Amino acid sequence: MSPEAQPALAFERHTLDNGLRVVLHRDESLPLITVNLWYHVGSKNERPGRTGFAHLFEHVLFQGSENVEAQEHFRYIQQVGGVTNGSTWYDRTNYFETLPAHHLDLGLWLESDRMGFLLPGVTQEKLDTQREVVMNERRQRIDNQPYGLAFERLHEALYPADHPYHWPVIGYMEDIAAASLDDVTEFFRRFYTPNNAVLTLAGSFDPDDALRRVEHFFGPIPRGPVVEPVVAEPPPLEGEQRVLLPDDVKLSRVYLGYRGPRFGEPDWYAGDLLANALSAGKSSLLYRELIYRRQVAQDQVTYLFPTELCSTFYLASTASPETDPAELTDCLDEVLDRCCDELVAEEDLARARNTLLHDYHSELQKLDGRADLLSQSTTLFDDPLRATAPLEHYARLTPEDLQRFARRYLRRDRRVVVTVVPREQGAKPSQPAATAEGTGP
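Here the structure is a predicted model, which means the values were calculated and not measured.

(A) The arrangement of the environment of Leu 328 in detail. Within the secondary structure, Leu 328 sits in helix 11 (residues 325-341). With a relative accessible area of 0%, Leu 328 lands in the buried category. For Leu 328 and His 103, which are 225 residues apart along the polypeptide, the C-alpha to C-alpha distance reads 54 Å. If near-sequence neighbours (up to four positions away) are discounted, Leu 328 is found in contact with Val 254, Leu 290, Val 296, Ala 297, Ser 317, Thr 318, Ala 319 and Thr 323.

(B) Examining the environment of Pro 266 more closely. One can find Pro 266 in helix 9 (residues 266-279). Of the residues examined, Pro 266 reaches a relative accessible area of 54% and is grouped as exposed. Taking C-alpha positions, Pro 266 is 14 Å from Thr 388, a pair spaced 122 residues apart along the chain.

(C) Representation of the pattern of salt bridges. Here the structure, examined in full by the defined rule, presents 40 salt bridges. Residues Asp 248 and Arg 423 are paired through a salt bridge, measuring 2.9 Å at the closest nitrogen-oxygen approach. Residue Asp 248 is found in the loop between strand 7 (241-247) and strand 8 (253-260), and its partner Arg 423 is found in the segment after strand 11 (415-422); the two are separated by 175 residues along the sequence. A relative accessible area of 57% means that Asp 248 is categorised as exposed. Linking Glu 265 and Arg 262 is a salt bridge whose minimum nitrogen-to-oxygen distance equals 3.3 Å. Residue Glu 265 is classed as partly exposed on the basis of its relative accessible area, which comes to 29%. The class of Arg 262 is partly exposed, set by a relative accessible area of 37%. Connected through shared salt-bridge partners, Glu 240, Arg 242, Asp 333, Asp 337, Arg 412 and Arg 415 make up one network.

(D) Looking closely at helix 3 (residues 104-116). In this model, helix 3 (13 residues) spans 18 Å end to end at C-alpha, consistent with the 18 Å of a helix rising 1.5 Å per residue. Burial within helix 3 is extensive, with 10 of its 13 residues counted as buried. Every buried residue belonging to helix 3 is among Leu 104, Leu 106, Gly 107, Leu 108, Leu 110, Glu 111, Ser 112, Asp 113, Arg 114 and Met 115, and all of these are buried. Residues of helix 3 that are buried in the fold lie against strand 3 (32-39), helix 2 (72-78), strand 5 (93-100), helix 7 (181-191), strand 6 (197-203) and helix 8 (207-218).

(E) Summary view of the pairing of strand 6. Taking burial as the measure, the 7 residues of strand 6 include 7 buried ones, the bulk of the element. Burial of strand 6 is two-sided: the residues Ala 197, Leu 199, Leu 201 and Gly 203 facing one way and the residues Val 198, Thr 200 and Ala 202 facing the other way are all buried. Pairing between strand 3 and strand 6: 7 bridges, direction antiparallel. Of the residues in strand 6, the one forming a bridge with Tyr 39 is Ala 197.

(F) Local environment of the pairing of strand 5. Of all 8 residues making up strand 5, 7 are buried, and the element is well covered by its neighbours. In this sheet, strand 5 lies alongside strand 3 in antiparallel orientation, the contact comprising 8 bridges. Paired with Thr 34 across the strands is Thr 98, a residue of strand 5. By the bridge criterion, 6 bridges tie strand 4 (residues 83-88) to strand 5 in an arrangement that is antiparallel. When the sheet's bridge partners are listed, Thr 88 is paired in strand 5 with Thr 93.

(G) Local environment of unusual backbone geometry. Phi at Gln 71 takes a positive value of approximately 70 degrees, unusual for a residue other than glycine. In this fold, Gln 71 is placed in the loop between helix 1 (53-60) and helix 2. Take Gln 71: its relative accessible area is 41%, and that puts it in the partly exposed class.

(H) Geometry of the side chain of Asp 267. Position of Asp 267 among the secondary structure elements: in helix 9. Among the polar contacts made by the side chain of Asp 267, one reaches the side chain of Arg 408 at a distance of 3.1 Å. In this structure, Asp 267 is in contact with Pro 261, Arg 404, Phe 405, Arg 408 and Tyr 409, ignoring residues within four places of it in sequence.

(I) Seen up close, the side chain of Thr 84. Looking at the secondary structure, you find Thr 84 in strand 4. According to the relative accessible area criterion, Thr 84 is buried, its value standing at 11%. A distance of 2.9 Å separates a polar atom in the side chain of Thr 84 from the backbone oxygen of Phe 96. Here Glu 97 takes part through its side chain, which lies 3.4 Å from a polar atom of the side chain of Thr 84. In this structure, Thr 84 is in contact with Phe 62, His 73, Phe 74, Ile 77, Phe 96 and Glu 97, ignoring residues within four places of it in sequence.

(J) A look at the packing of aromatic side chains. Taken as a whole and assessed by the stated rule, the structure comprises 31 aromatic pairs. Here the aromatic rings of Tyr 39 and Tyr 192 are separated by 4.9 Å at their centres, their planes lie at 50 degrees, and the arrangement is tilted. One end of the pair, Tyr 39, is in strand 3; the other, Tyr 192, is in the loop between helix 7 and strand 6, with 153 residues separating them in the sequence. Each of the two residues, Tyr 39 as well as Tyr 192, counts as buried. Measuring from ring centre to ring centre gives 6.1 Å for Phe 57 and Phe 187, while their planes differ by 20 degrees; the resulting arrangement is stacked. Pair noted here: Phe 57 is in helix 1 and Phe 187 is in helix 7, with a separation of 130 residues, a long-range link. Overall, the relative accessible area of 2% leaves Phe 57 in the buried class. In this arrangement the basic side chain of Arg 75 is found over the ring face of Tyr 76, its NZ or CZ atom lying 5.1 Å from the centre.

(K) Looking closely at the sheet that holds strand 3. Strand order in the open sheet made by the 6 strands is 1-2-6-3-5-4, with mixed pairing throughout. Bordering the open sheet on either side are strand 1 (12-15) and strand 4, each of which pairs with just one other strand. Put simply, the sheet's adjacent strands are angled 15 degrees from each other on average, direction ignored.

Thresholds, definitions, all that
- Position numbers for residues count from 1 along each chain, tracking the sequence in the order it is written.
- Local features in this predicted model are restricted to residues whose pLDDT is 70 or higher, and side-chain atom pairs enter the listing and the counts only when it is 80 or higher, whereas totals over whole chains, interfaces and linings include all residues.
- Hydrogen atoms and water are omitted, and side-chain values are computed over all heavy atoms in the structure.
- By the criteria applied, helices consist of DSSP H or I runs no shorter than four residues and strands consist of E runs no shorter than two, each listed in order from the N terminus.
- Three labels apply to residues, based on accessible area from a 1.4 Å probe with only protein chains included: buried if under 20% of the type maximum, exposed if over 50%, partly exposed otherwise in between.
- Every residue pair with non-hydrogen atoms within 4.5 Å of one another is taken to be in contact.
- Salt bridge, as applied in this entry: a Lys or Arg side-chain nitrogen positioned within 4 Å of an Asp or Glu carboxyl oxygen.
- Helices are assigned an expected span. That span is 1.5 Å times one less than the residue count.
- Paired strands, as defined in this entry, are two strands with at least two bridges between them according to DSSP.
- The definition of a polar contact used here is a pair of N or O atoms within 3.5 Å, where within protein one atom must be able to donate a hydrogen and the other to accept one, and adjacent residues in sequence count solely through side-chain atom pairs.
- Stacked, tilted and edge-to-face are the three classes assigned to paired rings of Phe, Tyr and Trp, where Trp is represented by its six-membered ring and a pair needs centres within 6.5 Å; plane angles under 30 degrees give stacked, over 60 edge-to-face, the rest tilted.
- Either the NZ atom of lysine or the CZ atom of arginine qualifies as a charge over a ring when it sits within 6 Å of the ring centre and within 35 degrees of the ring normal.
- Between the N-to-C directions of two axes lies an angle of 0 to 180 degrees, each axis being a line fitted to C-alpha atoms and, for a helix, fitted only over the stretch in contact.

This is the structure:
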């Protein structure tokens, strides 16, 4: 796809007096509207010993306010046929509703209500209940999940203890349990403010009328304190870090982790395209080599995190029953070495590019997808136009760009290898040398 063929994403941008940035994207093709609110706060705004607050608030924000009873947010939305949810990431939290267009006021009221009037509705009982909910979520998704601790150990080894990407988004169990009402109140007042948020409306509406409604609901909410950007530049890794993690699993799995460029930098898109060439689909480089040809692995995945301070490039592969994880690690290294020494074939590049473009265009087909991209580009880059910028990057990248990324970032002397092995195997001599069973706090 040529850059000239990129789809236009029309929008208006406004800023209220209290600092709330508003993006209006009109699309009359369906009688629907998406209300999408991003707060520029995620787990990276937490600190050691006080982790998990951003994710905890994802739950607390649905527990009512001064004007809305607990769980009523869902009921209000569902009774008009809408859907709503929220999510938390390292760099942001977001909340969103898609509604029949004539219920715009309902979405704006609910979002402005919990931005301006949440704290009077937060009680010790509600906090205790949500802490238990989050702790159970952590048990289900992390602590009692096969391979569930691998990513935590990888990030803990890849970033120093005071780096914002060292700890998990969901937080550590002891920090969640220790969160006090004063802690969460201070966190909310500091970060959940109009001047630290982006509101995007996408769908069927009159822009002038919608802006008046936004002003009506959000305008009276006072500006909060200035939120200084998080700055963290970790020192280079001193050699390869290896972690052996016995777990209640039947098959070993190997994770390789590398630090990459910031999301939005040209190199980031090269890394994302390389990750897709390596592992997207059964024709990918790793699938062909590890599963078809050598039959040393059951599965494989490669991903580049779209994170703000720097990114994490990781590969993970589950060994076949007869394969030693050290052999699987060697096979992964051979494929990565090939990416450094040789150019990715044009057909592999084209397949990876088409996969990414398909996924991106699929997202642009949906109102909530467009709203989320506009909120993301405004929150992270203060530029809604960058919502479609990835399409141009992917279209221009060459095999030489992918090779340059591999040579620069996928270095063995600056990576973490986490090897998960069946607990009964422990640290067999044939396993990679272990430095620790994890580097938790």
